[in-house]
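Notes for the structure review
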Amino acid sequence: MRVLAIAVTVVGSWTATRVAAADPAGTQVVLTCRIAGQNREASVVLEGDRATYRYGPSQQNPELTLSDSLANLDYRRQNGPGNTIDEIVTFGNGDTAYRFAAGFREGAGSGSSTLRPFGLLTVDRDGTPLARLECRPDSIARTPDGLLARLRAIGRERTSDGLSFPNYPIHDPVRAAQSPPCEADFNVDTCWSRGVSASRRGDLGGALEHYDMSCDARITTLGCYEAGKLYLHNRQLRDYARARQRLATTCDGDDTGQGPYACKYIGWMYLTGTGVQRDLDTAFEALAKACFFHNTAILIDPEGCHFLGKAIQARRGHTVRDEDRADYLTYIAFAQACTDNAKTICNDARALHRLANARSAPWIAQCDRDVRRYNRFASCAYMTAPGGDYDAAQRTRQTLASLFRLVSEAVD
């Protein structure tokens, strides 16, 4: 799991119930909950270099106790949008496996920005499901990354499915007002990493405070990007003016990983008039950076290419020549997304080409002439071929960026 993906997946306002921490070598309950509809509890406890699973009636001795060394423990991680499983730990008992997963889920409803904790216990025997038990949300007590910290402490580096552990620092809860000044920490800064830890606990208000500190310290633009997204997307923390300012700092900066995405968000705001007065020219400029021009490495945001096409179409003129050029530029923008294997956008590019070819649109012939000068594509239609390996995709991106500049700056 990439380090910078951590704060992107947590979008909400729920504050986690945190289990009390313990000495790294001592006993620590990292996850416990009551099973919904039952008088049963399940928990994962760390004891020295071992992890123990317990299950049974509430406030009584457990019916089942299983233990494994941390070195051999089946531990996995999974993060993604929507329903998100965060940490998964599995204990074996002969041919029976007890799988305990915990994390966050986005709240129900369109545009929801709430966040709900969840825990799920499943029991399988030889791969055949025997039980699926959900935790009662209000009973979940968890130390996010508590298990990860102990695994890293014993020298373990990978999950059970071979993925490298994330290398971000794990911080105890602390409000920004009581935090020390930000300091550089390799390619990040300490305020940003404290924000990541807060977001991992579900405390997005606290995370935002640390991200703002990070942004103001101007060591990196990482905090600016995360703060901008929270101000833009989270209902409880929303502040469009600050979102635009924070994201602009990242868009104007030199971070090749987050810069194109920040430009995308700014372009989207001006394209849709979200929090700002709609301005298609400003939207076009920001989205062109997201899709083509933010950095010389041509690291891009393919969704920015999609929005760029929308901005181009919204700006198309009232003459046939203007409309023809708009379709040509839109095709180039959508084709750029193909280099990132963005299938939906790439299919839109192919559909646009088919329609234009069927009606003999002038830009098809112009595109065929233009691509020959770059000696990169057999014809205009081949611009939407899959990206290939990294080096091939980068060469294609460079060519498409040059072509986009040529067409957009052409004077009749």
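Structure shown above.
Note that the structure is predicted; figures quoted are calculated from it, not measured.

This part covers unusual backbone geometry. Only a minority of non-glycine residues have a phi that is not negative, and only a minority of peptide bonds are not trans. One non-glycine residue, F186, adopts positive backbone phi at about 55°. Summarising the element assignment, F186 is placed in the loop between β11 (184–185) and β12 (188–189). Notably, N375 is not glycine yet its phi reads approximately 50°, a positive angle. Residue classification places N375 among the exposed residues on the basis of a relative accessible area of 72%.

Residue placement: S58 occurs in the loop between β3 (50–57) and β4 (64–69). Overall, the relative accessible area of 7% leaves S58 in the buried class. A polar contact is formed between the side chain of S58 and the side chain of N39, at a distance of 3.1 Å. The contact partners of S58, leaving out residues within four places of it in the chain, are R34, N39, R40 and E41.

Further remarks concern the packing of aromatic side chains. In this structure the tally under the stated criterion is 10 aromatic pairs. An aromatic cluster is present here, built from F284, F292, F293 and F404 joined pairwise through their rings. The ring of Y265 carries the charged tip of K264 above its face, separated from the ring centre by 4.8 Å. A cation over a ring is seen here: R315 above F284, with NZ or CZ 4.1 Å from the ring centre.

The rules we used
Once a new chain begins, its residue numbering starts again from 1 and follows that chain's sequence as written. The model is predicted, so local features are restricted to residues of pLDDT at least 70 and side-chain atom pairs to those at 80 or more, both for listing and for counting; the totals for chains, interfaces and linings are taken over all residues. Hydrogens and water molecules were not included; the side-chain quantities draw on all heavy atoms of the structure. Every helix listed is a DSSP run of H or I at least four residues long, and every strand listed is a run of E at least two residues long, numbered separately from the N terminus. Exposure categories follow from relative accessible area, calculated using a 1.4 Å probe and restricted to protein chains: below 20% of the type maximum is buried, above 50% is exposed, and the middle band is partly exposed. Any pair of N or O atoms that falls within 3.5 Å is considered a polar contact. Within protein, one atom must be able to donate a hydrogen and the other to accept it, and sequence-neighbouring residues count only if both atoms are side-chain atoms. Note on contacts: a residue pair qualifies if any of its non-hydrogen atoms lie within 4.5 Å across the two residues. In this analysis, rings of Phe, Tyr and Trp, with Trp reduced to its six-membered ring, are considered paired at centre separations within 6.5 Å, and the interplanar angle assigns stacked below 30 degrees, edge-to-face beyond 60, and tilted for intermediate values. Counting as a charge over the ring demands two things of the Lys NZ or Arg CZ atom: a distance within 6 Å of the ring centre and an angle within 35 degrees of the ring normal.

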